[in-house]
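Understanding the architecture of this molecule
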Amino acid sequence: MIIAAVGAAARPVPAGGGYAWPDNDRLGATVDPNRELEITEAIRDRARVEDATVAVRHVCAVAASVMNAMGVGVYLVSDLGPIEPVHATDPVGARLVELQVVLGAGPATVAVAEDLPVLIADLDTAASRGHWPMFAPEALAEGVRAIFAFPIGANGVTIGALEIYRAGAGLLSPAELSDAWLFADAAMALIMAGVSDAPTVTEYGLFASEFGERWAEVHQATGMVAAQLGVDPTTAFLRLRARAFTSGEGLSRLAEDILAGRTRLDNGKDTEAP
Amino acid sequence: MTQADSAGGPATARDRRLAAAFVELADTLVAGFDIIDMLHTLTERCVELLDVMAAAVLLPDRRSALQLVAASSERTQLLDLMRLRNQEGPILDAYRSGEPTASVNLTAEATRWPRLAEAARDGGYAGAQALPLRLRGRPLGVLGLFSATAGALGPDTVAIGQSMADIATISILHTRAFQRQEQLAEQLHNTLNARITIEQAKGYLAEKLGVPVGETFALMRAHAHTHHVPLTDLARAVLTAQVDAADLRRPPPDR
């Protein structure tokens, strides 16, 4: 069963009522200020254990444990596309994040575009496979059965998405749903506070994580491919995604190979005259 | 009761300060004004004109939870009181009812607001007056006034306080607080894109110059400093071949 909260009039409701239309963008989630305090404290505690300032990775880590998730990913909107990943908590999350970037489609993409949550209670149904023909089988192969993507934003401004991956099928409970919103809001507050405090709080500090460092290689490889093919970075990124898609190797693995000179997208033939 | 509600007395000094404050706040309602900055000014004027210890403006976020957007003081004691903003107290009651809500002595409110009473004792606050920011009967937020001593604010003081709350309402409607959010979002977007562009340029240079990726950042920085170009602009120029990659390898010209 899919519950995809998509924008009114954006797409037709399929026969059989696979979609639930929320009354508001919060799907009935209620405010529990005590819960908000608890979650904020848990995020702070996580940072304190590391003796680090609170960063997006702490929000993700607490979200993953509270939401009983296999992983959590956070994306932001960039010029390269609607979803530039900034963090994933674990290898499964990292692979799902990569998958969506390669495909250019997935729950987070829709959540950002529509500024609404996308709740997929079970990827392993005909309806889900029909709705996500490329994405669903790949995600299932990673052992992910349910995905919940929430827009990160406020007051009509959407800056990204927070995505929760679960091994078991099933909807979020109302309590889990409001928790998920609290995590998306915590990410928003943290990122916005960081931006307005700049340069005291550096962007690096906000997003610092192993994932981010690995992901930087994807952009470096894009620049390398742009030089090899004599194309602009946007085209180079598309070529990179296409190669990752056809070869089935992950985007970051491909980026590693390109940076190490093991793989060239021009098949070893320099397009520039010597 | 410590308020100087000098009914019939020589209120001219305060009248003058009041007029000046209103002019100042009205002046901020012009192009390019920052709502957060303006609300901070408003809370500071409240402290001066209403003889209170602290003032704060709270607005609801998209879940209708009140958030502190401006305060006359960054004292941790005030922030401690504010931690309970969505749990109990005159602020929350004023927001929910849309009516002014006062407490002569917060520290004695153990029945109504037990946690707040304790926080007020720790924080050295006693009197509290919460004034709703209203638009056609709908609560938009709350202006909270806190005194160090117990006692109610006089009717004149409350009236001026409500005028301050109305000014806050007007200014919020005038600009919409989210304009700032949009600016921040744009700033974030630029920062993110800058990082992507710089990483791409590193890979581009590594390929063009045949040097390890790890060495390219230093080359870009050196070139950017020598030519007084922002790093991101240089990265973009490298990627669009407006700057020849080979130029970055050469040592800077002796000049």
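Residues numbered from 1 in each chain as written. Chains lettered and ligands numbered in written order. Predicted model: local features only at pLDDT ≥ 70, side-chain atom pairs only at ≥ 80, totals over all residues.

1. With respect to the overall build of chain B
Heads up, the rule is: Here a strand is any run of E in DSSP of at least two residues, a helix any run of H or I of at least four, and the numbering for each starts at the N terminus. To sort residues by exposure, count the other C-beta atoms lying within 10 Å of each residue's C-beta; 20 or more gives buried, 12 or fewer gives exposed, and values between give partly exposed, all with C-beta atoms placed from the backbone. Working definition of a contact: two residues with C-beta atoms, positioned from the backbone, lying within 7 Å.
In terms of helices and strands, chain B carries 10 helices and five strands. Sorting the 255 residues of chain B into buried and exposed places 39% on the buried side. Sequence separation of 24 or more characterises 61% of the internal contacts of chain B that already satisfy a separation of 6 or more.

2. Section: the interface of chain A and chain B
So the rule is basically this: Classification used: nonpolar for Ala, Val, Leu, Ile, Met, Phe, Trp, Tyr, Cys and Pro, charged for Asp, Glu, Lys and Arg, polar for all others including Gly.
Residue-level contacts link 33 residues of chain A with 31 residues of chain B. Secondary structure elements with two or more residues in the side of chain A that touches chain B: helix H1 (33-50), strand S2 (71-78), strand S6 (157-166), helix H7 (174-197) and helix H9 (210-229) of chain A. A breakdown of the residues in the side of chain A that touches chain B according to their chemical character gives 18 nonpolar, 10 polar and five charged.

3. Examining the pairing of strand S5 (residues 138-146) of chain B
All names here are of chain B. Cut-off, in case you're wondering: A pair of strands is labelled paired if DSSP reports no fewer than 2 bridges between them.
The sheet contact formed by strand S1 (residues 54-60) and S5 spans five bridges and is antiparallel. Within the sheet, the bridge partner assigned to Leu58 lies in S5 and is Val142. Direction of pairing for strand S4 (residues 128-135) relative to S5: antiparallel, over a ladder of eight bridges. Its bridge partner being in S5, Leu131 is matched across the sheet by Leu143. Turn length for the S4-S5 hairpin, with the two strands adjacent in sequence and antiparallel, is two residues, and the turn residue Arg136 shows positive phi of about 45 degrees.

4. Quick look at helix H2 (residues 56-66) of chain A
All names here are of chain A. By the criterion of burial, H2 is predominantly enclosed, with nine of the 11 residues buried. Among the residues of H2, Val56, Arg57, His58, Val59, Cys60, Ala61, Val62, Ala63 and Ala64 are the ones counted as buried. Just past H2, the residue Asn68 takes up positive phi, approximately 55 degrees.

5. Describing the nonpolar core
Formally: A set of buried residues drawn from Ala, Val, Leu, Ile, Met, Phe, Trp, Tyr and Cys, joined through C-beta atoms within 7 Å, is what defines a nonpolar core.
Among the nonpolar cores identified, the biggest contains 107 residues, and A:Val56, A:Val59, A:Ile147, A:Ala161, A:Leu162, A:Phe183 and A:Ala187 are the most heavily contacted of them. The element that contributes the greatest number of residues to this core is H7(A), accounting for 13 residues. Listed in part, the 49 residues of the second largest apolar core include B:Ala21, B:Leu81, B:Ile91 and B:Ala117.

6. With respect to the pairing of S6(A)
Residues and elements named next belong to chain A. Counting buried positions along S6 gives 10 out of 10 residues, so the element sits mostly inside the fold. Two strands pair when backbone bridges link them, and S2 and S6 are joined in this way by six bridges, in the antiparallel orientation. Following the sheet pairing, Val72 is matched in S6 by Ile164. One ladder, built from nine bridges, connects strand S5 (residues 146-154) with S6; its direction is antiparallel. Bridging from a neighbouring strand, Ala146 pairs with Arg166 of S6.

7. With respect to the environment of B:Ala70
Residues and elements named next belong to chain B. Note that Ala70 resides in strand S2 (residues 66-71). For the pair formed by Ala70 and Leu143, sequence separation is 73 residues and the distance between their alpha carbons is 9.6 Å. Excluding its chain neighbours within four sequence positions, the residues that come into contact with Ala70 are Ile36, Leu39, His40, Thr43, Ala56 and Val57.

8. What about the sheet that holds strand S3 (residues 101-103) of chain B?
All names here are of chain B. Counted only if it meets this: Axis definition: a line fit to C-alpha positions, over the contact stretch in the case of helices; interaxial angles, taken between N-to-C directions, run 0 to 180 degrees.
Strand order in the open sheet formed by five strands is S2-S1-S5-S4-S3, and the pairing between neighbours is antiparallel. Two strands in the sheet have a free side with no partner beyond their single neighbour: S2 and S3. Across the sheet, the mean angle separating the axes of adjacent strands is 20 degrees when strand polarity is ignored. Each of S1, S2 and S5 is contacted by helix H2 (residues 35-50), which is oriented at about 145 degrees to S1, the strand it contacts most. Contacting S1, S2, S3, S4 and S5, helix H4 (residues 90-97) crosses the sheet at an angle of about 25 degrees to S4.

9. A look at the environment of A:Ala167
All names here are of chain A. For Ala167, the location among the structural elements is in the loop between S6 and H7. Separated by 20 residues in the primary sequence, Ala167 and Ile147 place their C-alpha atoms 9.0 Å from one another. Discounting residues that sit within four places of it in the chain, Ala167 has contacts with Met70, Gly143, Val144 and Arg145.

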